[in-house]
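Structural features, examined
Listed below are the residues making up each chain.
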Amino acid sequence: MHTIKPTKVDLLVKSKSGELYFFDIKSAKPNSNEFKQFKRTSLEWVAVTLAENPSAKINTGIAIPYNPYAPEPYARWTMRGMLDLQEELKVAEEFWDFLGGEGAYQTLLDCFEQVGIEMGDEIDAYFAKFKALK
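Below is a short write-up of the structure. (Residues numbered from 1 in each chain as written. Predicted model: local features only at pLDDT ≥ 70, side-chain atom pairs only at ≥ 80, totals over all residues. Heavy atoms only, no water.)

1. So, the overall build of the protein chain
The condition is simple: A run of H or I in DSSP becomes a helix once it reaches four residues, and a run of E becomes a strand once it reaches two; helices and strands are each numbered from the N terminus. For this measure, only C-alpha atoms enter the radius of gyration; the expected value for a globule follows 2.2 Å times N^0.38, where N is the number of residues.
Counting its regular elements, the protein chain contains four helices and four strands. For the protein chain, the sequential pattern of α-helices and β-strands runs β-β-α-β-α-β-α-α. Relative to a compact globule of 134 residues, whose C-alpha radius of gyration would be 14 Å, the protein chain shows 19 Å and is clearly more extended. A principal-axis box enclosing the C-alpha atoms of the protein chain has dimensions of 60 × 35 × 30 Å.

Here it is in structure tokens:
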């Protein structure tokens, strides 16, 4: 047994049944090195957890909070062959609905839209300051 200091988990979710889900949250367009590093990091998370609790049920994955290609499916050449896409990747709706239940993603989008409507003038005025600096 070797002592290591694993990378911190971005998001740890424990289901009602005790199943663990470790997520590494990535930007919408991560590069291939980030996917490769994720594999090593996820193995460390699993090893550390199983060393403490050999019967733990563990899932690891990458979470990408939004899909820049929407309404098309998320497609990033850098992840080809590196991930089990069904098991190790949750993007946009799949991620938020996993966390909050069916419809959570749409509710989140509706909240952002409502804030945009209600605060549109204030938001525009804030960003106009940056345009003036150019």
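2. Brief notes about the sheet that holds strand β2 (residues 20-25)
Counted only if it meets this: A pair of strands counts as paired when DSSP detects no fewer than two bridges linking them. Think of each axis as a best-fit line through the C-alpha atoms, taken over the contacting stretch in the case of a helix, with angles from 0 to 180 degrees between the N-to-C directions.
Judged by pairing direction, the sheet is mixed, and its four strands sit side by side in the order β1-β2-β3-β4 without closing on themselves. Unpaired on one side and paired on the other, β1 (11-14) and β4 (89-91) mark the two borders of the sheet. Across the sheet, the mean angle separating the axes of adjacent strands is 30° when strand polarity is ignored. As paired strands, strand β3 (residues 58-64) and β4 are joined by three bridges and run parallel to one another. Residue pairing across strands places I62 opposite L89, the latter belonging to β4.

3. Topic: the packing of aromatic side chains
The condition is simple: For this analysis, a ring pair means two rings from Phe, Tyr or Trp (six-membered ring only for Trp) whose centres lie within 6.5 Å, classed as stacked if their planes differ by under 30 degrees, edge-to-face if by over 60, and tilted for the remaining angles. Exposure classes here rest on a 1.4 Å probe applied to the protein chains alone. A residue is buried below 20% of its type maximum, exposed above 50%, and partly exposed in between.
The tally for this structure, following the rule as stated, stands at 10 aromatic pairs. Aromatic side chains F23 and F98 sit 5.6 Å apart centroid to centroid with 70° between the ring planes, which places their arrangement in the edge-to-face category. One end of the pair, F23, is in strand β2; the other, F98, is in helix α3 (residues 93-100), and 75 residues separate them in sequence. Judged by its relative accessible area of 29%, F98 is partly exposed. Ring centres of F95 and W96 lie 5.0 Å apart, and the angle between their planes is 65°; this geometry places the pair in the edge-to-face category. Through pairs of rings, three or more aromatic residues link up here, namely Y21, F23, F95, W96 and F98.

4. Structural notes on helix α1 (residues 32-52)
Keep this limit in mind: The length a helix should cover is 1.5 Å for every residue beyond the first. Relevant arc is that of directions from the helix axis to the C-beta atoms, nothing else. Note on contacts: a residue pair qualifies if any of its non-hydrogen atoms lie within 4.5 Å across the two residues.
Relative to the 30 Å expected for 21 residues at 1.5 Å per residue, α1 spans 31 Å between its end C-alpha atoms, a close match to the ideal helical length. For α1, the complete set of buried residues consists of S32, F35, F38, T41, S42, W45 and T49. Down the axis of α1, the sector holding all buried residues measures 165°, keeping them to one side. Turned more than 90 degrees off the buried face of α1, the exposed positions are N33, K36, R40 and L43. On its buried face, α1 sits against β2, β3 and α2 (85-88).

Such coordinate-based values are descriptive only and should not be taken to indicate function.
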